[in-house]
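Coordinate analysis (summary)
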Amino acid sequence: MNAIHTETASTCWSCGAPAAGEHFCPKCGTIQKLPRGTDHFRFLGLPRKLWIAMDDLEARFHQLSWKLHPDNFVRATVEERDLSLERGSQLNDAYRALRDPVARVEYLLAIEGMRKEGATKQQAPPELLEEVFELNESLDELRSSREGNQHGAEMTALLRRLEEAAHGFEARLKDVDEQLMAAARQWDATVDSGDAATGRAALARMNEILNRRSYIRNLVRGVNEELSK
Amino acid sequence: MGRTVGIDLGTTNSLVAWWNPATCQPECIPGPYGSTLCPSVVSLDADGTIAVGEPARRRLLTQAERTIYSVKRLMGRGIEDVQEELKLFPFRIDPNSQQVIRVRLGERVFTPPEISAFILRELKGWAEKFFGEPVDRAVITVPAYFNDAQRQATRDAGRLAGLEVLRLVNEPTAAALAYGLHKSQRGLVAVYDLGGGTFDISVLKLISTGEGDIYQVLSTNGDTHLGGDDIDNAMLAAARDEIRARNGVELDAHAEAVQELRKVLVAAKHALSSEEKTAVRVALPDGAAYGREWTRAELEALLEPIVERTMGPVKQALADAHQKPQAMEEVVMVGGATRTPLVRRRVEEYFGRVPHTELNPDEVVALGAAVQADILESGVRNMLLLDVTPLSLGMETMGGVVAQIIPRNSTIPASAQDAFTTGVDNQTGIIIHVVQGERELASDCRSLARFTLRVPPMPAGAARIEVKFLIDASGILQVQARDLRTGELRSVEVQPSYGLNDTEIERMLEESIEFAEQDFATRQVIEARNEAESILAATEKGLAGEAGRSLETAERAEIAAAEAALREAMGGEDYKLIRARIDALNHATANLAESMMNQVLHATVEGKKLSEV
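Residues numbered from 1 in each chain as written. Chains lettered and ligands numbered in written order. Predicted model: local features only at pLDDT ≥ 70, side-chain atom pairs only at ≥ 80, totals over all residues.

**What about unusual backbone geometry?**
Residues and elements named next belong to chain B. The cut-off we apply is this: Numbering of helices and strands starts at the N terminus; helices are DSSP runs of H or I of at least 4 residues and strands are runs of E of at least 2. Labels follow a simple rule on C-beta atoms placed from the backbone: if 20 or more others lie within 10 Å of a residue's own, it is buried; if 12 or fewer, it is exposed; otherwise it is partly exposed.
The omega angle of the peptide bond from Ile412 to Pro413 is 5°, so this bond is cis rather than trans. Note on placement: Pro413 falls in the loop between strand E20 (402-406) and strand E21 (414-420). Positive phi outside glycine occurs at Ser70, with the angle close to 55°. On the secondary structure map, Ser70 appears in the loop between strand E7 (67-69) and helix H2 (83-88). Of the residues examined, Ser70 has 22 C-beta atoms within 10 Å and is grouped as buried. Its identity as a non-glycine residue notwithstanding, Asn409 has a phi of 65°, on the positive side. Its location among the elements puts Asn409 in the loop between E20 and E21.

Structure below.
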């Protein structure tokens, strides 16, 4: 996804009245074209902040669904049908991206030009290197003992060690989520204060936390998959 | 413009329903045999005529090789997808089938959408007869777990039947709509839909807002190869083995006998829903008889693995909705197979509450389709359906790995954009492979489409093409490409991997002209009769009035004769004759009409001042 350049359609395509950024023309009520690059926050009429009240988000989603859903345009002109499909799908995309706290951060980073998909995800965070190394050793051991059909006390101990490791990483996920929350609060404060430098720093921090988060999540998933075999 | 209806195009039975504004309720429309169920069976007679429904079902017993049932199992599928089906169902697949399956009926070959179109056309006919007006638009239901190809095939069938498909609606969602209307229920609802050939589970949230009620689907899951048909097949296999062992008869060689046996077994299955045991008896081709008693316990033993297979999707749907089974405030049962006591018991055990069965499980989906048809048609907006896409949409990337574009259970319409560039100098095309499914490798997912983005020769990486993938409100994929350097928007030719392209559909529409002509004739008869009714009424009114009384006896006799001739023609099916006699009556009443007009004018003028004329 690209950084957003908003070109605001300033007049209604249907009647020519001024209609800046509204879903419908204030004069003739026709559904408006969607300026390219309208981001999800703006689309829902929200500031670009990470703290969102869920009931407010849901209410906005439902309210706009009544107006923008293609059901309303079955008998309208082809242009209006296309516009309702465009606005209706962005509404659903926006709700999907913003209702989940982590997806919301990922989306913000994307529109701020801070997130490059998969660029650094696979690198182990330095402070975890030693634990990851041990974990991978235990996993290898588990696989080879399975191939040799080994059972008994040694296997039980190995499984317990892996379960403990998985729990340990799960606990770290909680820490990571708290760090993410702190950085998010920092970002929200800069939206109000206009402190761009601190804002960029908060974004960079969130990007790094998200990479760590997805690394640990994959790790936990991998161990759990291996244990459930 | 004609009427709009809701249609449940089922594996075993299909139904058509409408919204009755007088009762403010949806109602199913009965066919010529009094039932609202139209068996989804199509048969081609030796003289080339097509029979659909009950008459076709009877022909299963006499002309099995000219008759097909359960065609829904083939919709949107390729040969390799239906290998299991081919072992169990007597589909006569044409050896020349390519990506789209072709089925033999006697000496002719049809695609599954063409056969489904015959069923839709029949239902359209039922509705036209019922309304006395043409029907040209429909909401058609599909299993929620249908993929893009299966949805497209259903939409194509509608088009081939001469229907504008306003929307495809997921069957469990339609059921929830009919049910919610019935109960004014709010909160979390699970819909368990075990039909003839497909299983769906949907979790919905019913919300009241200031504008009206929202039916928001949270998640859906299912199996499009699982249904009541499978129980029939299991019973049939058991009986066939027994016949082989006891009588030494290989029943497979006798298609009609197999169908006779199937019919008897299905009746036994139905009986076992209310009784503990039932007797089955059927004559074998060698003249001997096969008889056996089935107990409910035996049936349930065959049913158990089928019910068990539904539980995986049920658990996945709840997990995707982030809900526990106990959190469901209502559980709704849909589909004929949910009449079976074992299914009800197992669903009740799992959710910890008694499932709702008060609406007719055969009709509830069609009723919901009629509700949605009315919403779309009348613009009366106090209900809103927010449905989801059942399967994740993805793109094949390096190494055959799938990159997810739109996750499953996203509310539709949904969209996603991605930018593409070239990897080598002067590359003129970028190949995009779109797939649907949850697996990591593209080869394990359903291939939806492969297409090439054309780019002018340029250095590697200089081209920038943005592709927008959009799943519309019917769950069907659309693709748009935009050249980011020029801003130029291009429509992308997406050739569906397992669907019919526009050229093929056009050709089929032409080929089906003979059937369309039958349709056309039916519609013409209806319209001509309506017109005749109104001219007859006008004539009667005229004759009773002052203008009529002043007519000469000869002229009155002429009019009476023309009226009688028209009435006689109305009893027949020849619309040209009806039209001719309408003209004759018009001619005979020319004088009458003129003096009526004069009197009306006279009366109007008399009541007014000169200045107002």
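**Quick notes on helix H8 (residues 296-320) of chain B**
All names here are of chain B. Heads up, the condition is: One less than the residue count of a helix, multiplied by 1.5 Å, gives the span that helix is expected to have. The term bend refers to the angle at a residue between two fitted axes, each drawn through seven residues, those ending there and those starting there.
With 25 residues, H8 extends 35 Å between its outermost C-alpha atoms, agreeing within 8% with the 36 Å of an ideal straight helix rising 1.5 Å per residue. Where H8 bends most, at Leu303, the angle is about 40°, and the proline Pro305 comes one to four residues later. Buried within H8 are the following residues: Leu299, Leu303, Ile306, Thr310, Val314, Ala317 and Leu318. Within two residues after H8, His322 carries a phi angle of roughly 55°, on the positive side.

**Overview of the confidence of the model for chain B**
A low pLDDT score tells you not to read the predicted coordinates there in detail. All names here are of chain B. Rule in force here: Confidence of the predictor at the level of single residues is captured by pLDDT, which takes values from 0 to 100. Contact criterion: two residues are in contact if their C-beta atoms, reconstructed from the backbone, are within 7 Å.
Averaged over every residue, the pLDDT of chain B is 87; the share at 70 or more is 94%. When the criterion is pLDDT under 50, residues 609-613 qualifies, and its contacts beyond four places in sequence or with other chains add up to 2 contacts. This prediction of the complex comes with two scores: 0.82 for pTM and 0.85 for ipTM.

**Some remarks on the sheet that holds strand E14 (residues 212-223) of chain B**
All names here are of chain B. Put simply, the test is: By definition, two strands form a pair when at least two bridges between them are found by DSSP. Interaxial angle, 0 to 180 degrees, is taken between N-to-C directions of lines fitted to C-alpha atoms, where a helix line uses only the stretch in contact.
With respect to topology, 5 strands assemble into an open sheet ordered E17-E12-E13-E14-E18, the strand pairing being mixed. Pairing within the sheet leaves two strands with one partner each, and these edge strands are strand E17 (330-334) and strand E18 (383-386). Neighbouring strand axes in the sheet, compared pairwise and without regard to direction, differ in orientation by 25° on average. Where strand E12 (residues 187-194) and E17 come together, 5 bridges link them in parallel fashion. Within E17, the residue paired with Val191 across the bridge is Val332.

**Topic: the environment of Asp148(B)**
Residue and element names in this part refer to chain B. As for its placement among the helices and strands, Asp148 is situated in helix H4 (residues 148-160). As a C-alpha pair, Asp148 and Leu585 span 437 residues in sequence and 54 Å in three-dimensional space. Those residues in contact with Asp148 that sit more than four places away from it in its chain are Gln436, Leu448, Ile476 and Leu477.

**A few points about the interface of chain B and chain A**
Counted only if it meets this: Any residue that is not Ala, Val, Leu, Ile, Met, Phe, Trp, Tyr, Cys, Pro, Asp, Glu, Lys or Arg is counted as polar, Gly included; the first ten are nonpolar and the last four charged.
Between chain B and chain A, the contact holds 20 residues from the first and 17 residues from the second. Elements with a contribution of two residues or more to the side of chain B that touches chain A: strand E13 (199-209), helix H10 (364-378), E18 and E21 of chain B. Residues that form the side of chain B that touches chain A fall into these classes: 12 nonpolar, 5 polar and 3 charged.

**Re the domain arrangement of chain A**
Residue and element names in this part refer to chain A. To be explicit about the condition: Domains are outlined according to an automatic or database domain assignment.
If you check the domain split of chain A, you get domain 1 (1-115) and domain 2 (126-227). For domain 1 versus domain 2, the separation of C-alpha centres amounts to 35 Å. Taken together, the contact between domain 1 and domain 2 spans 11 residues of the former and 10 residues of the latter. Tallied by class, residues from the side of domain 1 that touches domain 2 come to 6 nonpolar, no polar and 5 charged.

**Side note on the domain arrangement of chain B**
All names here are of chain B. Along its sequence, chain B is carved into domain 1 (3-224 + 325-379), domain 2 (228-303), domain 3 (393-499) and domain 4 (513-612). Using only C-alpha atoms to locate each centre, domain 1 and domain 2 end up separated by 27 Å. Listed as interface residues are 20 residues of domain 1 and, on the opposing side, 10 residues of domain 2.

**As for the sheet that holds E7(B)**
Residues and elements named next belong to chain B. The strand order across the open sheet built from 3 strands is E6-E5-E7, with neighbouring strands paired in antiparallel fashion. Looking along the sheet, the strands with just one partner apiece sit at the ends: strand E6 (50-52) and E7. Averaged over all pairs of adjacent strands, the angle between their axes in this sheet comes to 15°, without regard to strand direction. Pairing geometry for strand E5 (residues 41-44) and E7, over 3 bridges, is antiparallel. Across the sheet, Val42 pairs through a bridge with Ile68, a residue of E7. Helix H3 (residues 112-131) rests against E5, E6 and E7 of the sheet, and its axis sits at about 65° to E6.

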